[in-house]
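# Structural overview
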Amino acid sequence: MLEIQHLTVSYGGERPALEDFSLCLQRGEIVALVGESGSGKTTAVRAILGLLPPGGAVTGGSVRLDGEELLQLPPEEWQRLRGERLAVIFQDAGAMLNPIRTIGGQFVEFIRAHRQVSKGEARKQGAEMLARMGLPDPEDILRSYPFQLSGGQRQRVGIALAMTFQPRLLLADEPTSALDVTTQAQIIRQMAALREEFGTAILLVTHHLGVASYLADRILVMRAGQVVDQGEKPDFFDAAASPYTRELLAAAPDMEGERYV
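These remarks concern the structure in this document.

Per the counting criterion, the structure on display carries 14 salt bridges. Overlapping salt bridges bring together Asp66, Glu68, Glu77, Arg80, Arg85 and Arg168 as one network.

This is the structure in structure tokens:
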């Protein structure tokens, strides 16, 4: 479904931020990109979305979704693609929400940007998605402003917005790192349920080996803009080939000699 071949991204420095990155993602598959900060994980996601920051540019490679080359799309085609076939959850969904508009108003605007429906119908769709994300009293959430919600609630709102049109691919960039551990577990279970309910493929960016181990079918380890190790669970961590992967595992906390990754 998603095919990335030899993708290279530079920000004007001597060395690319992402170099010769390749990945194939099937329908319903969850792949995790793990590695330390600055390893190129978020750059890969932003390149797939066509949302590189100023100064960033794709200098080589190809990104195809269902056989369609994304890197050559005009702006109006990106507008069609994002939200419908391709969606994203950011590290702090609350920061992506408009602080002076209600959640309901933002749902209505988003849905009507892609579908010709009435405001009432759009609001109804928003309430249904919030209910699917396990949020109690969706109508109360729709009437609320972002600052009136907890971090976990805002993150669920972000997931609900991303999944409104049941996209084929969800890009999740550190979706749990800003949350407490209890809420992290709830969000992780919610993402696993999305795959089961919608058949959505998920590309997950995380520095948390436990999250990757629990959620992903396949794991890619990145360092300095390159993939240094990759493999499928459950044997990946036991058979890690790269010394860097072994260093990451050694740094993971354990309890009474048992490491939970």
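Once you've had a look at it, read on.
Read across the sheet, 6 strands follow the order E6-E7-E8-E3-E9-E10 without closing on themselves; strand pairing throughout is mixed. Sheet topology places strand E6 (86-89) and strand E10 (226-232) at the edges, where each strand pairs with a single neighbour. Each neighbouring strand pair of the sheet contributes to a mean axis angle of 15°, computed without reference to strand direction. Bridge count for strand E7 (residues 169-173) against strand E8 (residues 201-206) is 5 bridges, and the pairing is parallel. Counted as the bridge partner of Leu169 is Ala201 from E8. Sitting on the sheet, helix H7 (residues 151-162) is in contact with E6 and E7, with an inclination near 175° to E6.

Across all of its chains, the model carries 2 aromatic pairs by this definition. Centroid distance Phe110 to Phe165: 5.5 Å. Interplanar angle 45°. Geometry classified as tilted. A residue pair is termed long-range when its members are at least 10 positions apart, and Phe110 in helix H4 (residues 103-114) and Phe165 in the loop between H7 and E7 qualify at 55 residues. With centroids separated by 6.2 Å and ring planes inclined at 20°, the aromatic side chains of Tyr145 and Phe147 adopt a geometry described as stacked. Residue class for Phe147 comes out exposed when judged on its relative accessible area of 63%.

All right, on to the pairing of strand E1 (residues 2-10) then. Looking along a regular strand, one sees side chains alternate from face to face of the sheet. Here 5 bridges tie E1 to strand E2 (residues 18-25), and the two strands are oriented antiparallel to one another. What sits directly across from Val9, in E2, is Leu18. Across 7 bridges, E1 lies against strand E4 (residues 57-65) in antiparallel orientation. Its bridge partner being in E4, Leu2 is matched across the sheet by Leu65.

On to the side chain of Gln190, then. Tracing the chain through its elements places Gln190 in helix H8 (residues 181-198). On the basis of relative accessibility, which here comes to 13%, the residue Gln190 falls in the buried class. Setting aside chain neighbours within four positions, we find Gln190 in contact with Arg132, Met133, Gly134 and Arg156.

We now examine the sheet that holds strand E5 (residues 68-69). Overall, antiparallel pairing links the 4 strands, which are arranged E2-E1-E4-E5 in an open sheet. Lying at the two open borders of the sheet, with one neighbouring strand each, are E2 and E5. Here E4 pairs with E5 via 2 bridges, running antiparallel. Residue pairing in the sheet places Arg64 in a bridge with Glu69 of E5. Helix H1 (residues 41-49) contacts E1, E2 and E4 of the sheet and is inclined by roughly 115° relative to E1.

What counts, and where the lines are drawn
- Residues numbered from 1 in each chain as written.
- Predicted model: local features only at pLDDT ≥ 70, side-chain atom pairs only at ≥ 80, totals over all residues.
- Heavy atoms only, no water.
- Salt bridge = Lys/Arg side-chain N within 4 Å of Asp/Glu carboxyl O.
- Pairing = 2+ DSSP bridges.
- Helix = DSSP H or I, 4+ residues; strand = E, 2+ residues; numbered from the N terminus.
- Axes fitted to C-alpha atoms, helices over the stretch in contact; angles between N-to-C directions.
- Contact = heavy atoms within 4.5 Å.
- Phe/Tyr/Trp six-rings, centres within 6.5 Å; stacked < 30°, edge-to-face > 60°.
- Buried < 20%, exposed > 50% of the residue type's maximum accessible area, 1.4 Å probe, protein only.

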